[in-house]
Amino acid sequence: MVGFALKRAALLIATLLVSSFVVFSALFIAPGNPLAQLSGGRTLPPEAVAALEQRYHLDDPFLVRYWHWLTSALHGDFGDSIAARESVSAVIGQRIGTTAALVALAALIIVVAGIGLGLLAGLRPGLADGGVLVLTSVLAAVPSFLAAIVLISLFSVNLGWLPALGNGSGFADGVKHLVLPAFALALASLAIVARVTRVAVREELGREHVQTATSRGIPRAQVIRRHVLRNAAIPITTITGITIASLIATSAVVETAFSLNGLGSALVQAAATKDFAVVQGIALVLVVAFVLVNVLVDLLYALLDPRIALGSRAT
Amino acid sequence: MSALATAGATVGGGRRRLAGSRVVTGLCVAIVAVALLAAVLGPLLAPHDPNAADLNNAFVGPYGDHPLGFDGQGRDLLSRLLDGARSSMLGPAIVVAVAMAAGTLLAVVSAWLGGWVDSAIGAVLDVLFAFPAVLLAILAAAVFGAGLTAAALALAVAYTPYIARVLRSAALRERAREYVAALEVQGLPAVAICVRHLLPNMVGLVAAQATLLFGYAMVDLAAVSFIGLGVQPPQADWGVMVASGRAGVLQGYPAEALSAGLCIVLVVVAVNLLGERIAQRDGGGAR
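What you see is a predicted model, and the numbers here were worked out from it, not measured in a lab. (Residues numbered from 1 in each chain as written. Chains lettered and ligands numbered in written order. Predicted model: local features only at pLDDT ≥ 70, side-chain atom pairs only at ≥ 80, totals over all residues.)

(A) Main features of the overall build of chain B. The number of helices and strands found in chain B is 11 helices and 0 strands. If you list the helices and strands of chain B from N to C, you get α-α-α-α-α-α-α-α-α-α-α. The dimensions of chain B, computed from C-alpha atoms along their principal axes, are 75 × 45 × 30 Å. Considering only intrachain contacts with a sequence separation of at least 6, the fraction spanning at least 24 residues in chain B is 70%. (Helix = DSSP H or I, 4+ residues; strand = E, 2+ residues; numbered from the N terminus. Contact = placed C-beta atoms within 7 Å.)

This is how it looks when you write it as structure tokens:
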């Protein structure tokens, strides 16, 4: 297990280095002068140009520039936003809470409703199973931005239960403003998790060791807890983790749909206005979060299924 | 390691029965055919100018030869849906063409040569897995400016690893078969074996993957257009229409956003079911 974790950590560092390099060099793939990119086509006063040249070490070789950028980024310094006239880390600091809360709430919905519906469908064939199948088929087909529109139309405009746009103020109001976005973000993934859970439970129920346990007279509740759920937990955890990781990027779409002040919506605005320091900073944060969640899933997977770690040690 | 591979594999199991039905397949073919027809002939089929705005007609419901009514700027909704089919279908087609070409090439080269080439390609693909598709499209928009081409190419790059991984294992299976060894002994050049014998044997899987990819690409491209970094208004596009219809939704006129969204969902579901059907005929090779 320790060997597996170490190996995974080495791969993680390599992936992070390369992806940070991709995020950084994207700026220099762009046609034209990097200064024009950094200023987003605005005309800047000479001292601002000099500051940019110095900050990005534009006179240095490319790899040196990357190294400077990366080391400052590791110290939490991503440069300054040209549009917002403040540091990128300040922009990130103000907004990361919203995105983290949104993704966490969506993850909670996926875990509770997705796994719950999946277990219901898997353990109770018939009407419940059929209902879950129809529901998840519909949900899986609705993209997050359309779910956002439908939820706003239904619950804000027609029923007036929940606010449609913005962040709200204060904790309770803030959470209230996150309910619809979290559902919009979660619905499609919830359907996938429910499907996988259902199939996993079904497969385990049909296994010989489960039939043996039942025929030995072990109570059904105990058979399900010890023999079915314990084994079904492996695919369920994997799919839940993977879908939650994918929420990190999709949050940009949902935040834009609900005019939430999160990292994703800031990234979208920065991309549209070519505020490049912000794009790089937020893209890096999101990629790191995405990769870290994926690594956590892998580790959890190895914990649940010792064969994985053993297999990696053997190779 | 994300929705593409997993959703394809898991939702597939449940849909298998549904996808097998002849009626459903016919319906799916019909939906895709209508969408393709609209994409090719859209402007000719549109009863009105899709960009002719008349604010007096804003949010007016269906009447006369305006069967779906008008959007918030008083433009004929049906005409915009038909016109929007073009960019909505063209974008995913670009993604599929580029990602399938790159993915197939990488897969066959990896499987055929093996060794360090295989490891090197695998390492590059592993890094690409770290970039969610939508995030890469946003980066591309920041670098090259918002637009359909940049977004479609970025998504193609993001999806190539998934395609390459699936096809590589299929190519490895083919590579190990006896007919390949026989052809090698006969002295046929590797490229000829790959192009004339190995690839034709993988065509079912390639078609299934391409069809499923079209659905994912359509959703992602519509999302990129929705956040304003893809197709630019006033050009009609289903993703753009969902975005511009948001204002109408807030005022209680959801027709524009919902009709454009319905078009996306119908085509995506139809394409996914067809992809399942092709995978099934191929002997479930897509898994």
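Next comes the rest of the write-up.
(B) Summary view of the overall build of chain A. Scanning chain A from N- to C-terminus turns up 13 helices and 2 strands. Along the first, second and third principal axes, the C-alpha set of chain A runs to 85 × 60 × 35 Å. Per-residue burial for chain A yields a buried fraction of 42% across its 315 residues. The contacts in chain A between residues at least 6 apart in sequence include a share of 73% that link residues at least 24 apart. (Buried ≥ 20, exposed ≤ 12 C-beta atoms within 10 Å, placed from the backbone.)

(C) Representation of the packing of helix α2 (residues 22–45) of chain B against helix α11 (residues 255–281) of chain B. Residue and element names in this part refer to chain B. For the pair α2 and α11, interaxial distance at closest approach is 9 Å and the crossing angle is 130°. The pairing of α2 with α11 is recorded here as oblique in orientation. Crossing of α2 against α11: the hand is left-handed. Residue-level inspection shows Val24, Thr25, Cys28, Ile31, Val32 and Ala35 of α2 in contact with α11, the latter providing Leu266, Val267, Ala270, Val271, Leu273, Leu274 and Arg277. A class-by-class count of the residues in the contact of α2 with α11 yields 11 nonpolar, 1 polar and 1 charged. (Axes fitted to C-alpha atoms, helices over the stretch in contact; angles between N-to-C directions. Parallel < 35°, antiparallel > 145°, perpendicular 65-115°, else oblique. Left-handed = near helix turned anticlockwise from the far one by under 90°. Nonpolar A, V, L, I, M, F, W, Y, C, P; charged D, E, K, R; others polar.)

(D) Representation of the interface of chain A and chain B in the model. Between chain A and chain B, the contact holds 46 residues from the first and 42 residues from the second. Taken together, the elements giving at least two residues each to the side of chain A that touches chain B come down to α1 (2–29), α6 (127–141), α7 (144–158), α8 (171–205), α10 (220–257), α11 (263–273) and α12 (276–304) of chain A. Counting residues per element, the side of chain A that touches chain B draws most heavily on α10(A), at 10 residues. Of the residues in the side of chain A that touches chain B, the class split is 35 nonpolar, 9 polar and 2 charged.

(E) Spatial organisation of the packing of helix α5 (residues 88–123) of chain A against α6(A). Residues and elements named next belong to chain A. In contact at an axis separation of 7 Å, α5 and α6 are set at 140° when each is read in the N-to-C sense. Judged by the inter-axis angle, α5 sits oblique to α6. You can see that α5 and α6 cross each other, and the crossing is left-handed. Between α5, through Leu117, Leu120 and Ala121, and α6, the contact on the second element is made entirely by Ala128, Asp129, Val132 and Leu133.

(F) Fine view of the confidence of the model for chain A. Averaged over all residues, the pLDDT of chain A is 82; the fraction at 70 or higher stands at 91%. Element-level mean pLDDT values for chain A span from 59 in helix α13 (residues 306–314) of chain A up to 89 in α5(A). (pLDDT = per-residue confidence, 0-100.)

(G) Main features of the nonpolar core. Ranked by size, the top nonpolar core spans 181 residues in total, and within it Ala137(B), Ile138(B), Ala151(B) and Leu155(B) carry the most contacts. In terms of residue count, the dominant contributor to this core is α8(A) (18 residues). With sequence-adjacent residues up to four places away left out, Leu155(B) is seen in contact with Val95(B), Ala133(B), Ala137(B), Ala217(B), Asp220(B) and Leu221(B). (Core = buried A, V, L, I, M, F, W, Y, C linked by C-beta atoms within 7 Å.)

(H) Focus on helix α10 (residues 238–250) of chain B. Here α10(B) spans 18 Å end to end across 13 residues, near enough to the 18 Å set by a 1.5 Å rise per residue. When the local axis directions of α10(B) are compared, the greatest deviation, roughly 30°, occurs at Ser244(B). The set of residues buried in α10(B) consists of Trp238(B), Gly239(B), Val240(B), Met241(B), Val242(B), Ala243(B), Ser244(B), Gly245(B), Arg246(B), Gly248(B) and Val249(B). Next to the buried residues of α10(B) lie α7 of chain A together with α3 (77–113), α9 (203–226) and α11 of chain B. (Expected span 1.5 Å × (residues − 1). Bend = angle between axes of the 7 residues up to and from the residue.)

(I) Representation of α5(A) in the model. In a regular helix each residue adds 1.5 Å, so 36 residues correspond to 52 Å; α5(A) covers 50 Å between its end C-alpha atoms and thus fits that length. The largest bend in α5(A) is about 40°, located at Arg95(A).

(J) Local environment of the environment of Gly103(B). Residue and element names in this part refer to chain B. Relative to the helices and strands, glycine 103 resides in helix α3. With 24 residues separating them along the chain, glycine 103 and valine 127 place their C-alpha atoms 15 Å apart. Look past the residues within four positions of glycine 103 in its chain and what remains in contact with it is Thr160, Ile163, Ala164 and Leu167.

(K) Region of the structure containing unusual backbone geometry. The omega angle of the peptide bond from Pro233(B) to Pro234(B) is 10°, so this bond is cis rather than trans. Along the chain, Pro234(B) turns up in the loop between α9 and α10. Notably, Ser259(A) is not glycine yet its phi reads approximately 50°, a positive angle. Looking at the secondary structure, you find Ser259(A) in the loop between α10 and α11. The class of Ser259(A) is partly exposed, set by 14 C-beta atoms lying within 10 Å.

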